[in-house]
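In case you want the letters, here they are:
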Amino acid sequence: MKAIVSLNAGSSSIKFALYRLVDDALTFDAGGKIEEIGSRPRLKARNADGEIILERDWPADSAISHAHLLEDLFGWAATQLGDRQIVAIGHRIVHGGVRFAAPRIVDDALLGALETLIPLAPLHQPHNLAAVRALRALAPDLPQIACFDTAFHHDLPALATRLPLPRSFHEEGVRRYGFHGLSYEHIARRLRDIDPLYAGGRVIAAHLGNGASLCAMNGGASVDTTMGFTALDGLMMGTRTGALDPGVILYLQTHQGMSVAEVETLLYKQSGLLGVSGVSSDMRTLHASAAPEAGEAIDLFVRQAARQAASLIPSLGGLDGLVFTAGIGENDPVIRARICDCLAWTGLMLDPDANRRNDPLISTPGSKVAVRVIPTDEEAVIAGHVMTLLKPDGRPDGWIAS
Ligand code: ADP
């Protein structure tokens, strides 16, 4: 009896999912999140029926490391899985650069190559890789698989990868990559299951969570996306600016004397919904707030999302579908309605009741653009890649046979 673990390790959270592997089929067993790492870590895990099966707090201690928490998590996972043995771990790795277009088994050379990409994803990559390293120390013989958020965008049309800088920069890797690829891969796959005709069309997927981006998909392939060189570009996010006049950065450094590190913190951690509202980075908290600044932050989020959705339409030559996903996209009818309202000129007509209910299809039958809500599942995509890469007929070293 075998099991696979999917991990998504960020700076202050670790998302995880455990899957049973029976005859080449994966079944979700349990999953959850450790949050508030660095302040007061707490863990919540649910089973396949959505019931809470574990809640755990650690003492408020900023020194409790990711490695320590992972060790505790794997201790619990072993008891949860009973006689099932964890045979591999899949990781979400934000940046695979130009080289890595598909999941890879982690070895020293791969780790080294991925470390060189840390400057391109300073908020995510170090934590992704730290989790890989911590688990290598804990279980040196367990295969670990890196699944890249950039991979779904690897075959973007050449023009969509280019920044308007002198050509030499592009050759050095200063180009557009795109992110949230594991989420978009899931959406593309679900669309094929739900509605193959629609999946073959021109669709914008809106991943609206703490991080947020849009992906223009034609026939299920990424043809354009709002995140670019880093996960800072594109939509306004919980704490990130999204696209910003580059002159602002020059001004801050030249005239306000801000250091590079200060600007980095400003752009990644103090801006977006948090910066504009001065209240919170969390959409639910902003909805609940009476502060006018909270309302303005929401207004700006909607405006930016609609503007950038519209900016992707030329890359598709039209629009057949719009898919909302991630925390805000899946759960927030108000934001969805407001974004759709700005896109009514496309012939998109929202069904208000279906939208309120978070139905899978929230447009009217007469709408020229079909609007869907599809829960994302990056962990399942990771587990699927692990299984494919390591199954007996197509992979190295036969752990499955062990
Ligand atoms: P992450 O990028 O960390 O995975 P999530 O996809 O969990 O983020 O999204 C987090 C965002 O989703 C937060 O802004 C949160 O307020 C928002 N969110 C979650 N549930 C709801 C809800 N029911 N209504 C509105 N916003 C929600």
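Since the structure is predicted, the reported quantities are computational estimates derived from the model, not experimental observations.

To continue, consider the confidence of the model for the protein chain. With 97% of its residues at a pLDDT of 70 or more, the protein chain has an overall mean of 93. Below a pLDDT of 50 lies the segment residues 394-402, which in the model reaches 18 contacts outside its immediate sequence neighbourhood of four places, other chains included.

Let's shift gears to the packing of helix α6 (residues 181-194) against helix α16 (residues 378-390). Two measures define how a pair of helices packs: the angle their axes make with one another and the distance between the axes. The N-to-C vectors of α6 and α16 enclose an angle of 85°; their axes lie 8 Å apart at closest approach. In terms of orientation, α6 and α16 fall into the roughly perpendicular class. Of α16, the residues touching α6 (which contributes L182, S183, E185, H186 and R189) are E378, V381, I382 and H385.

The environment of the ligand is formed by K15, G209, N210, G211, D282, M283, R284, A326, G327, I328, N331 and D332. For the ligand, an oxygen atom lies 2.8 Å from a polar atom in the side chain of N210. Bound to the protein, the ligand loses 76% of the 580 Å² it would expose on its own. Put simply, the parts of the chain that give the shell around the ligand at least two residues each are α11 (283-288) and α13 (326-331). Ranked by residues supplied to the shell around the ligand, first place goes to α13 with four residues. Split by residue class, the shell around the ligand holds three nonpolar, five polar and four charged.

In this section: the side chain of Q125. Position of Q125 among the secondary structure elements: in helix α3 (residues 125-138). The class of Q125 is buried, set by a relative accessible area of 0%. Among the polar contacts made by the side chain of Q125, one reaches the main-chain amide nitrogen of H95 at a distance of 2.9 Å. Here Q125 is in contact with I93, V94, H95, L114, L117 and I118, once residues within four sequence places are set aside.

Here we come to the nonpolar core. Among the nonpolar cores identified, the biggest contains 58 residues, and L114, I204, L208, L322, F324 and V371 are the most heavily contacted of them. Here this core takes ten residues from helix α12 (residues 292-316), the largest share from any one element. Ignoring any residue separated from it by four or fewer positions in sequence, one finds F324 in contact with A206, L208, G329, R336, I339, C340, I362, V371, R372, V373 and I374.

A separate point is the packing of aromatic side chains. As enumerated under the stated definition, the model contains four aromatic pairs in all. Centroid distance Y19 to F28: 5.7 Å. Interplanar angle 75°. Geometry classified as edge-to-face. On the basis of relative accessibility, which here comes to 5%, the residue Y19 falls in the buried class. Relative to F148, the ring of F100 has its centre 5.5 Å away and its plane inclined at 20°; by these criteria the two rings are stacked.

Reading the values: rules and limits
- Residues numbered from 1 in each chain as written.
- Predicted model: local features only at pLDDT ≥ 70, side-chain atom pairs only at ≥ 80, totals over all residues.
- Heavy atoms only, no water.
- pLDDT = per-residue confidence, 0-100.
- Contact = heavy atoms within 4.5 Å.
- Axes fitted to C-alpha atoms, helices over the stretch in contact; angles between N-to-C directions.
- Helix = DSSP H or I, 4+ residues; strand = E, 2+ residues; numbered from the N terminus.
- Parallel < 35°, antiparallel > 145°, perpendicular 65-115°, else oblique.
- Near = heavy atom within 4 Å.
- Polar contact = N/O pair within 3.5 Å; in protein donor to acceptor, adjacent residues only side chain to side chain.
- Areas by Shrake-Rupley, 256 points an atom, 1.4 Å probe, with all protein chains shown as cover.
- Nonpolar A, V, L, I, M, F, W, Y, C, P; charged D, E, K, R; others polar.
- Buried < 20%, exposed > 50% of the residue type's maximum accessible area, 1.4 Å probe, protein only.
- Core = buried A, V, L, I, M, F, W, Y, C linked by side-chain atoms within 4.5 Å.
- Phe/Tyr/Trp six-rings, centres within 6.5 Å; stacked < 30°, edge-to-face > 60°.

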